[in-house]
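A look at the structure
Chain by chain, the residues:
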Amino acid sequence: MTDDDTARAAALLKEHRASIDRLDAILVYTLGERFKHTQAVGRLKAEHDLPASDPAREAAQIERLEDLAKRADLDPEFAKAFLNFIIREVIHHHEKFQDEGA
Ligand SMILES: O=C(O)C(=O)C[C@]1(C(=O)O)C=C[C@@H](O)C=C1
């Protein structure tokens, strides 16, 4: 390993980290937009006495996401766990709206 190799590796690491930071920003803004819509859905559901969760919709979302994940070279189990994690949080928000009588 020469000093040149080490310098090249350091430059590559810096570039990858810059890309990772940009992608993390996209994830955060994307999640922010998703939550804006789910908050609106939560208010709508609370106003119309609709159940917080919709298991049939979730099953369709999971199936679609697993397929997308495979095509995107992402572990489908991870994609499924990630979506389930987000949806659990959304349902928690929906239940809060219902408790508050939003
Ligand atoms: O589509 C809905 O009915 C929602 O409330 C949104 C959402 C989601 O986060 O995608 C959350 C809870 C439901 O169980 C299904 C989907």
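For the structure itself, consult the block above.
Computed from a predicted structure; not experimentally measured.

Details of helix α3 (residues 76–100)
Helical geometry: 3.6 residues make up each α-helical turn, so side chains three or four residues apart lie on a common side. A rise of 1.5 Å per residue sets the reference length of α3, with its 25 residues, at 36 Å; its end C-alpha atoms lie 36 Å apart and thus fit the reference within 8%. A79, L83, I86, I87, V90, I91, H93, H94 and F97 are the residues of α3 that are buried. Close packing links the buried residues of α3 with α1 (3–47) and α2 (55–71). Two or three places before E77, at the start of α3, stands the capping residue D75, its side-chain oxygen 3.0 Å from that residue's backbone nitrogen. At the C-terminal side of α3, G101 shows a positive phi close to 65°.

Quick look at the nonpolar core
The biggest cluster of nonpolar side chains holds five residues, and these are A52, I62, L83, I87 and I91. Ranked by residue count, the leading element in this core is α3, at three residues. The residues touching L83, leaving out its near neighbours within four places in the chain, are R34, Q61, I62 and L65.

About the criteria used
Residues numbered from 1 in each chain as written. Predicted model: local features only at pLDDT ≥ 70, side-chain atom pairs only at ≥ 80, totals over all residues. Heavy atoms only, no water. Helix = DSSP H or I, 4+ residues; strand = E, 2+ residues; numbered from the N terminus. Expected span 1.5 Å × (residues − 1). Buried < 20%, exposed > 50% of the residue type's maximum accessible area, 1.4 Å probe, protein only. Contact = heavy atoms within 4.5 Å. Polar contact = N/O pair within 3.5 Å; in protein donor to acceptor, adjacent residues only side chain to side chain. Core = buried A, V, L, I, M, F, W, Y, C linked by side-chain atoms within 4.5 Å.

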